[in-house]
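One-letter residues, chain by chain:
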Amino acid sequence: MQQAMTTPVGKLALVGAALLALGAYKAATHDPAVTYRLSLSAPEEPNAIYLTRWDAGSVTATFDGGTLEPITFRTRAHVYDGCHWQGTETLVPISETQFAYDYSEQILSCEPDAVPLRKTPRQGVVTVEKL
């Protein structure tokens, strides 16, 4: 047996067995994914258009091990002003139950006679609730 561990094939088999054991241990001790409800609290200007994931209420997100991580949502749309827009929503964890929220917009393209709407950036807080 000792001679087998000094050959390249024997060493490779030993390393492979160790990696399999480590993988089995990590699978057994891995924290499960946790799903959260994300609720947005941010100012809204009257008559403004926001390309947001929160247009129909709260949003859900799942994190491995339940640890919050930064999130970026990008939403594209052709708006009635004749332009193609992209809304970018950035969430950065600030506690175990909240994200700092930042929304910005970018015009991707416009038709020749378009009159683009005014951009409406905003900041807020996203509250996290475990489902």
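## Regarding the overall build of the protein chain
Then, number 1: Helix and strand counts for the protein chain come out as two helices and six strands.
Then, number 2: Secondary structure elements in the protein chain, listed N-terminal to C-terminal, are α-α-β-β-β-β-β-β.
Then, number 3: Relative to its full complement of 131 residues, the protein chain shows a buried share of 27%.
Then, number 4: A fraction of 58% describes how many contacts in the protein chain between residues 6 or more apart in sequence connect residues 24 or more apart.
Then, number 5: Total accessible area on the protein chain stands at roughly 8,800 Å², and carbon and sulfur atoms take up 57% of it.

## Overview of the pattern of salt bridges
Two side chains with opposite charge may pair up if their charged atoms get near one another.
Then, number 1: Throughout the structure, instances matching the rule amount to three salt bridges.
Then, number 2: Residues Arg122 and Glu44 are paired through a salt bridge, measuring 4.0 Å at the closest nitrogen-oxygen approach. Within this pair, whereas Arg122 is found in strand β6 (residues 122–130), its partner Glu44 is found in the loop between β1 (33–41) and β2 (59–64), the two being separated by 78 residues in sequence.
Then, number 3: For Arg122, a relative accessible area of 4% translates into the label buried.
Then, number 4: Judged by relative accessible area, which is 61%, Glu44 ranks as exposed.

## Brief notes about the environment of Phe73
Then, number 1: Within the element layout of this structure, Phe73 appears in strand β3 (residues 71–78).
Then, number 2: Between the C-alpha atoms of Phe73 and Thr52, which are 21 residues apart in sequence, the distance is 8.1 Å.
Then, number 3: Those residues within four positions of Phe73 in sequence are excluded, and the remaining contacts are Arg53, Trp54, Val59, Gly87, Thr88, Glu89 and Leu91.

## What about the packing of aromatic side chains?
Then, number 1: With the rule as written, the count across this model stands at five aromatic pairs.
Then, number 2: Ring centres of Trp54 and Phe73 lie 5.8 Å apart, and the angle between their planes is 75°; this geometry places the pair in the edge-to-face category. Of this pair, Trp54 sits in the loop between β1 and β2 while Phe73 sits in strand β3; the two residues are 19 residues apart in sequence, bridging distant segments of the chain. Judged on exposure class, the residue Trp54 and its partner Phe73 are both buried.
Then, number 3: Cluster of aromatic residues (ring-pair linked, three or more members): Tyr36, Phe63 and Phe99.
Then, number 4: If you follow Arg122 out to its NZ or CZ, it ends over the ring of Tyr50, 4.0 Å from the centre.

## Some points on the pairing of β1
Two faces belong to every sheet, and in a regular strand the side chains alternate between them.
Then, number 1: As defined by bridge partners, β1 adjoins β2 across six bridges and the pair is classed as antiparallel. Looking across to β2, one finds that Ala33 is bridged to Asp64.
Then, number 2: Inspection of the sheet shows β1 paired to β6 by six bridges, in the antiparallel sense. Within β6, the residue paired with Ser39 across the bridge is Thr127.

Reading the values: rules and limits
Residues numbered from 1 in each chain as written. Predicted model: local features only at pLDDT ≥ 70, side-chain atom pairs only at ≥ 80, totals over all residues. Heavy atoms only, no water. Helix = DSSP H or I, 4+ residues; strand = E, 2+ residues; numbered from the N terminus. Buried < 20%, exposed > 50% of the residue type's maximum accessible area, 1.4 Å probe, protein only. Contact = heavy atoms within 4.5 Å. Areas by Shrake-Rupley, 256 points an atom, 1.4 Å probe, with all protein chains shown as cover. Salt bridge = Lys/Arg side-chain N within 4 Å of Asp/Glu carboxyl O. Phe/Tyr/Trp six-rings, centres within 6.5 Å; stacked < 30°, edge-to-face > 60°. Lys NZ or Arg CZ within 6 Å of the ring centre and 35° of its normal. Pairing = 2+ DSSP bridges.

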